[in-house]
Amino acid sequence: MLKGFFKVPVPVNEPVYTYAVGSNERKLLKAAIEEARSKHIDVPMFIGGKEIRTDKKNNITPPHDHQHVLGQYSEGTKTHVTDAINAALAAKKDWENLAWEDRAAIFLKAADLIAGKYRYKLNAATMLGQSKNPYQAEIDSACEIVDFLRFNVQYMSEIYAQQPPVSGKGVWNRLEQRPLEGFVFALTPFNFTAIAGNLPSCVAMMGNVVVWKPSNTQIYSANVLMEIFREAGLPDGVINLVFVSGPDAGDIIFKHPDFAGIHFTGSTGVFQNIWKTIGENIHLYKTYPRIVGETGGKDFILVHPSADLKVTNTAIVRGAFEYQGQKCSAASRVYIPKSLWPELKKSMIADIQSFTIGGTEDFTNFINAVIDEKSFDKLAKYIERAKDSADAEIIVGGTYDKSKGYFIHPTVIVANTPDYETLSEELFGPVLTVYVYEDEKWEETLELVDKTSIYALTGSVIAQDRYAITQATHALRNAAGNFYVNDKCTGAVVGQQPFGGARGSGTNDKAGSMINLLRWVSPRTIKETFNPDTDYRYPFLEKGE
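Residues numbered from 1 in each chain as written. Predicted model: local features only at pLDDT ≥ 70, side-chain atom pairs only at ≥ 80, totals over all residues. Heavy atoms only, no water.

Quick word on the pairing of strand 21 (residues 482-485)
- The side-chain alternation of strand 21 yields one buried face, formed by N482 and Y484, and one unburied face, formed by F483 and V485.
- Bridge count for strand 20 (residues 458-462) against strand 21 is four bridges, and the pairing is parallel. What sits directly across from G459, in strand 21, is F483.
- With helix 14 (residues 466-475) bridging strand 20 and the parallel strand 21, this β-α-β connection has right-handed handedness. (Buried < 20%, exposed > 50% of the residue type's maximum accessible area, 1.4 Å probe, protein only. Helix = DSSP H or I, 4+ residues; strand = E, 2+ residues; numbered from the N terminus. Pairing = 2+ DSSP bridges. Right-handed = clockwise from strand over helix to strand, strands pointing away.)

Put into structure tokens, the structure is as follows:
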């Protein structure tokens, strides 16, 4: 076995391709999309390294073109969950005993595969399966997942390097970081391919074994991720990919004695139910499970009277409507001073009306479809209620159509009361609510922003007045785990802004940081004494003065 204090390659953020007209990457991405659309694939589960198919098949369709079938996936049962757990536990001994540098090499290779050979295939899968435009796919399924893999390897090496600062005379103190006892459940969302790849991989990187259940609406790109992990050399059984219902997965996993933790991104309600179930079953487990989750958001932009109008408008329209508002960090509520509202309203409406809307295959489209019919119907109901409400007014958008794809026109609701439902409830779509406040009520508005929502994920303040910036930063210190000054409230970059929030938004364990990886290890201190005592008696026991 190799011996050495190894240093990993210094991570740098993956460059973002622009896909400008005439560029080579534009041609390659279009070719990858065309190839993906021309095929009908059969997506299996992966359990213990084996491809598992069932007789129950479900179609995979683009949200923006739901009549086109990209392929089918095999739906599993509780039996497959049990098989996945058994495969993970069977792989555990060899995997956790593998030297950390060998584990690092696997995920560094996966990062290079995504940055190179698989870049366009993974981006195309994300564009088609999750309805992302080229830029939104690039920053997600190319750059962010590459950054997660490379930076996490760096964090892993730093964790292992942490040792007690002092060893006394004749003593050597050491610290080792052990994988958790048992297996970890990774439950991942539809909206970011990078999150879907990071949640199981960062856990596995620390020597753990994983059962991974992706969202049904992200299976198309999850399949490509699994292909990449396998090509990178991930041993069989370390990450097991299953396509089962949430209740079936939970019924088996949360009653298993070897359940050691969950890494989750999804809704607050689901996460709270999971936490409750784990609590009810706590007596069943060999160890207290690690519970790590990033959940909902009702992310805000707070505009001060001193704000620059162009900066404000750009932050709002990008923050609220990129990827159809389906980012955990998307701006969902905006507080605007009355003095700025007339001009800002004109700019917002003009920009939103200029949005091009359609399928991702046409690179000129800025807005694409929401993820599925359930999301579409939910958003349509909120829009219709706003149309009928005396406490709200729709100033742009308000239309929707699901005949070809699940298209919601970007919509802005102006709420006349600070407690209108769309100022507090998570919608997760291209619907933004504006509340206009009196300029002299700045301090009252700070309190409104802090208290209106149960969530605390992201937020931003836009101002040129430094006193106002300082005041907002302090007053809203618990209202957002990621806080931005003079910028939109989206776009956290791995290695620069570790991501996560508290309150109803999760455990704030900061994806893309050492903080998160520390949740997936269990430290053991070792004290070795070179010249141990041989008599129980201490000097104070001797007779005499």
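Once the structure has been displayed, the description carries forward.
Considering the sheet that holds strand 4 (residues 57-60)
- Taken in spatial order, the three strands of this open sheet run 1-5-4, and their pairing is mixed. Of all strands in the sheet, those bounded by a partner on one side alone are strand 1 (41-43) and strand 4. Each strand of the sheet is rotated relative to its neighbour by a mean of 30°, with strand direction disregarded.
- Both strand 1 and strand 5 (residues 71-74) contribute to a ladder of three bridges, which runs parallel. The residue bridging V43 from the neighbouring strand is Y73, located in strand 5.
- The sheet contacts of helix 7 (residues 219-231) involve strand 1, strand 4 and strand 5, and relative to strand 1 the element is tilted by about 75°. (Axes fitted to C-alpha atoms, helices over the stretch in contact; angles between N-to-C directions. Contact = heavy atoms within 4.5 Å.)

Observations concerning the sheet that holds strand 20
- The strand order across the open sheet formed by seven strands is 14-17-18-13-12-20-21, and the pairing between neighbours is mixed. The open sheet has two free edges, formed respectively by strand 14 (392-396) and strand 21, since each of these has just one partner strand. Across this sheet, the average inter-strand angle for adjacent strands is 20°, counted without regard to direction.
- Strands strand 13 (331-337), strand 14, strand 17 (411-415) and strand 18 (431-437) of the sheet are contacted by helix 11 (residues 341-353), whose axis makes an angle of about 55° with strand 14.
- Each of strand 12 (299-303), strand 13, strand 18 and strand 20 touches helix 13 (residues 442-452); the most contacted strand, strand 13, lies at about 170° to it.

Side note on the domain arrangement of the chain
- Structurally, the chain comprises domain 1 (44-294 + 505-525) and domain 2 (297-483).
- Each partner contributes residues to the interface: domain 1 has 23 residues there, and domain 2 has 30 residues.
- Together domain 1 and domain 2 conceal approximately 2200 Å² of surface at their shared face, both sides included; 56% is due to carbon and sulfur atoms.
- It is H64, H66 and S505 in domain 1 that bury the most area against domain 2; as a group they hold 25% of the surface buried on that side.
- Taken together, the connections running from domain 1 to domain 2 amount to one salt bridge.
- Across the pair K404 and D65 runs a salt bridge whose closest N-O atoms are separated by 3.2 Å.
- Where domain 1 meets domain 2, there are 18 residue pairs in polar contact (both at pLDDT 80 or more).
- Those elements that place two or more of their residues in the side of domain 1 that touches domain 2 are helix 4 (119-130) and helix 5 (134-161).
- Considering every element that reaches the side of domain 1 that touches domain 2, the biggest residue donor is helix 4, with four residues.
- Residues that form the side of domain 1 that touches domain 2 fall into these classes: seven nonpolar, 12 polar and four charged. (Domains from an automatic or database assignment. Buried area = accessible area lost by both parts, 1.4 Å probe. Salt bridge = Lys/Arg side-chain N within 4 Å of Asp/Glu carboxyl O. Polar contact = N/O pair within 3.5 Å; in protein donor to acceptor, adjacent residues only side chain to side chain. Nonpolar A, V, L, I, M, F, W, Y, C, P; charged D, E, K, R; others polar.)

Section: the environment of G501
- Along the chain, G501 falls in the loop between strand 21 and strand 22 (502-503).
- Given the relative accessible area of 1%, G501 is considered buried.
- As for G501 and L187, which are separated by 314 residues in sequence, their C-alpha atoms are 18 Å apart.
- Dropping the residues within four chain positions of it, G501 is found in contact with A456, L457, G481, G506, T507 and N508.

Some words on the packing of aromatic side chains
- Inspection of the entire model under this criterion finds 18 aromatic pairs.
- Here the aromatic rings of Y538 and F540 are separated by 6.1 Å at their centres, their planes lie at 20°, and the arrangement is stacked. As far as the burial class goes, Y538 and F540 line up, both exposed.
- Through a chain of ring-to-ring contacts, the aromatic side chains of F183, F185, F254, F259 and Y285 assemble into a single cluster.
- Directly above the ring of F363 sits K30, whose terminal nitrogen or CZ lies 4.1 Å from the centroid.
- The ring of Y323 carries K132 above its face, with NZ or CZ at 4.5 Å from the centroid. (Phe/Tyr/Trp six-rings, centres within 6.5 Å; stacked < 30°, edge-to-face > 60°. Lys NZ or Arg CZ within 6 Å of the ring centre and 35° of its normal.)

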